[in-house]
Amino acid sequence: MEYVSTRDKSRKVSAAYAIANGIAPDGGLYCPTEFPSLTAEDWHALANLDYKGRSARILGKFLTDFSGEELADYASKAYADNKFGGKDTAPVVALDGGKHMLELWHGPTCAFKDMALQMLPHLLTASLRKTGETRTACILVATSGDTGKAALDGFHDVEGTKIMVYYPVDGVSPMQKLQMVTQEGANVEVVAIRGNFDDAQSAVKRIFTDEATRAQLDRDGMMLSSANSINWGRLAPQIAYYVSAYCDMVKSGTVRMGEKVNICVPTGNFGNILAAYIAKRMGLPVNKFICASNRNNVLTDFFKKGGAYDKNRDFYTTTSPSMDILISSNLERLLFIASDFNDALVRDLMQSLNTGGHYQTPEAVFTNIAADFDAGCCDDAQAADTIRALWEKEHYLCDPHTAVAVRVYEDYRARTGDTTPTVIASTASPFKFCRAVVEALGGTLEKDDVTQLDVLTKLTGVAAPAPLAALAGKTPRFDRVVDKSEILQTVDLLKGM
Ligand SMILES: *Cc1c(COP(=O)(O)O)cnc(C)c1O
């Protein structure tokens, strides 16, 4: 299997090369040039495997320069029972009205990013080895909360790597901050930056593009690497849980093999829903993908307005912060695939996005996209109503991101009359966004976030996930706060780790 840049398909690289390098030199995203099919034999085998086995088998279709033994080994470590609460790794919970909640948050940091970031360190270290890289990989991450903690947890004490996370000092929730600053491990560092998320992100970009810094790191036997969702190594592991959910639904008798389902995903950077789309290209029977957004509804407009993408709009802070985003990077891969791998077109569209902040998808390409996708959005009040209604009517507790998806799905079903069973990606534990959930249920708000967990438990009788409850007893290890202008000096910290 070969990979090319979405902006230039003339140069083909291996999966290991794509993962080790993260992004193509032309700024494009690495993408396979064809999609492997799931055969009848695959489906039969997948049905009888546990999650680890399913993950290894799906990854094997894409990462053809990795052996089956390697992938099985990584999957058994990434999705070890003691990391995923001893439950099913990605269970499907059936609710009323065709809703099938695919719970992706039973991992160590209680958000779906664990599904990829527990696997990525194994894929990345092996990819470095396979491409002849001997330097230590230093992973730099700018985060608005969820990615930072999931990356820290995935990479801590992984040999051959160091990880440094930058977060905006006032831009993450107290719970997210506590999760990050109490991170254990000898190869981790967490730095707060005075400013907002954009400041943190551009500060990190400055490190990546500073030649002197890179040269010094090289002399010290280190190289920079990244763990964000444009890396194919983060996307590929996400394909498996959609296939796994379908296998579970066939097993439970919800659908017969071959019968279609819908898939509804609360979307930010478009990585998660793109993984579902790729699963369809492999043969997963999907009727519609429903792309759910919060008040930052740039994607809803894209799908509703004939493929016109326009990031020139107000940015809103919402109760679903991981979806507060105006540039959905992975949409680039959808354009590439839906245009039958037209790199020249993608190059033009992305150029237009970079310069003017908008682009218009050609009609023929948008027709392909519209055949597969529907979309909708809702605001914080509607998400809160959904959290309360779901709890009162169905005794199911969900977080604000998942609530956005549930709401958008219910609107879709009422609007279209489509009663196809629908997989809804549940992307975070309700306890991770405890404050918004307690508020939605009419409970009391506490100053302290760990105490807040108890309030939600008393309200609902649902226990908080162990990793969040355990934060109460942990001592913060990192309290460094720096100005943007001091960012380059923080690189020195890598040497001491
Ligand atoms: C990151 C995240 C999302 C958005 O996922 P994308 O792959 O960026 O579309 C949704 N919900 C939660 C809880 C997240 O952490």
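So, how was this worked out
Residues numbered from 1 in each chain as written. Predicted model: local features only at pLDDT ≥ 70, side-chain atom pairs only at ≥ 80, totals over all residues. Heavy atoms only, no water. Helix = DSSP H or I, 4+ residues; strand = E, 2+ residues; numbered from the N terminus. Rg over C-alpha atoms; globule rule 2.2 N^0.38 Å. Contact = heavy atoms within 4.5 Å. Lys, Arg positive; Asp, Glu negative; His and termini not counted. Charge placed at Lys NZ, Arg CZ, Asp CG, Glu CD. Pairing = 2+ DSSP bridges. Axes fitted to C-alpha atoms, helices over the stretch in contact; angles between N-to-C directions. Buried < 20%, exposed > 50% of the residue type's maximum accessible area, 1.4 Å probe, protein only. Right-handed = clockwise from strand over helix to strand, strands pointing away. Near = heavy atom within 4 Å. Polar contact = N/O pair within 3.5 Å; in protein donor to acceptor, adjacent residues only side chain to side chain. Areas by Shrake-Rupley, 256 points an atom, 1.4 Å probe, with all protein chains shown as cover. Nonpolar A, V, L, I, M, F, W, Y, C, P; charged D, E, K, R; others polar. Salt bridge = Lys/Arg side-chain N within 4 Å of Asp/Glu carboxyl O.

### Focus on the overall build of the protein
And step 1. Along the backbone of the protein there are 22 helices and 16 strands.
And step 2. At 21 Å, the protein has a C-alpha radius of gyration in line with the 23 Å of a compact globule built from 497 residues.
And step 3. Contacts spanning at least 24 positions in sequence make up 74% of the contacts within the protein whose residues lie at least 6 apart.
And step 4. If the 52 positive side-chain charges of the protein are averaged to one point and the 61 negative ones to another, these points end up 1 Å apart.

### With respect to the sheet that holds strand 7 (residues 161-168)
And step 1. Strand order in the open sheet made by the five strands is 9-6-7-8-16, with parallel pairing throughout. Each of the sheet's edge strands pairs with one partner strand only, and the pair in question is strand 9 (222-225) and strand 16 (481-482).
And step 2. Bridge count between strand 7 and strand 8 (residues 188-193): six bridges; the pairing is parallel. Considered in strand 8, the bridge of tyrosine 166 is made with valine 191.
And step 3. This element, helix 8 (residues 174-181), spans strand 7 and strand 8 of the sheet and lies at about 155° to strand 7.

### So, the pairing of strand 11 (residues 286-293)
Every regular strand shows the same layout, with side chains that alternate between the two sheet faces.
And step 1. Where burial is concerned, most of strand 11 is hidden: seven out of the eight residues are buried.
And step 2. As defined by bridge partners, strand 10 (residues 261-266) adjoins strand 11 across five bridges and the pair is classed as parallel. Paired with valine 261 across the strands is valine 286, a residue of strand 11.
And step 3. The handedness of the strand 10 to strand 11 crossover, carried by helix 12 (residues 271-281), is right-handed.
And step 4. Direction of pairing for strand 11 relative to strand 14 (residues 373-377): parallel, over a ladder of five bridges.

### Thoughts on the site of the ligand
And step 1. Taken together, 15 residues form the shell around the ligand, and within it Lys113, Asp146, Gly268, Asn269 and Thr427 come nearest.
And step 2. One nitrogen or oxygen atom from the side chain of threonine 427 is found 2.9 Å from a nitrogen atom belonging to the ligand.
And step 3. Expressed as a share of its isolated accessible area of 390 Å², the protein-covered part of the ligand is 95%.
And step 4. Here the shell around the ligand is composed, by residue class, of five nonpolar, eight polar and two charged.

### A closer look at unusual backbone geometry
And step 1. With phi around 60°, aspartate 157 is a residue other than glycine that occupies positive phi space.
And step 2. Here aspartate 157 lies in the loop between helix 7 (146-155) and strand 7.

### A closer look at the pattern of salt bridges
And step 1. Tallied over the entire structure, the rule returns 25 salt bridges.
And step 2. Between aspartate 42 and lysine 61 there is a salt bridge, and its shortest N-O distance comes to 2.7 Å. In this pair, aspartate 42 is assigned in helix 2 (residues 40-47) and lysine 61 in helix 3 (residues 51-62), connecting sequence segments 19 residues apart.
And step 3. Given a relative accessible area of 3%, aspartate 42 falls into the buried group.
And step 4. Its relative accessible area of 22% is what places lysine 61 among the partly exposed residues.
And step 5. The shortest N-O distance in the salt bridge between aspartate 301 and arginine 313 comes to 3.0 Å. A residue pair is termed long-range when its members are at least 10 positions apart, and aspartate 301 in helix 13 (residues 298-304) and arginine 313 in the loop between strand 12 (308-310) and helix 14 (331-338) qualify at twelve residues.
And step 6. A network of salt bridges, in which partner residues are shared, links Asp42, Arg57 and Lys61.

### Side note on the sheet that holds strand 10
Note: strands within a sheet are paired through backbone hydrogen bonds, in either parallel or antiparallel orientation.
And step 1. Here we have six strands laid out as an open sheet, ordered 4-5-15-10-11-14, and mixed in their pairing. With partners counted over all chains shown, the strands left at the sheet margins are strand 4 (92-94) and strand 14, one partner each. Along the sheet, successive strands turn relative to each other by an average axial angle of 25°, direction set aside.
And step 2. Two strands pair when backbone bridges link them, and strand 10 and strand 15 (residues 422-426) are joined in this way by three bridges, in the parallel orientation. Along strand 15, the bridge assignment pairs isoleucine 263 with valine 423.

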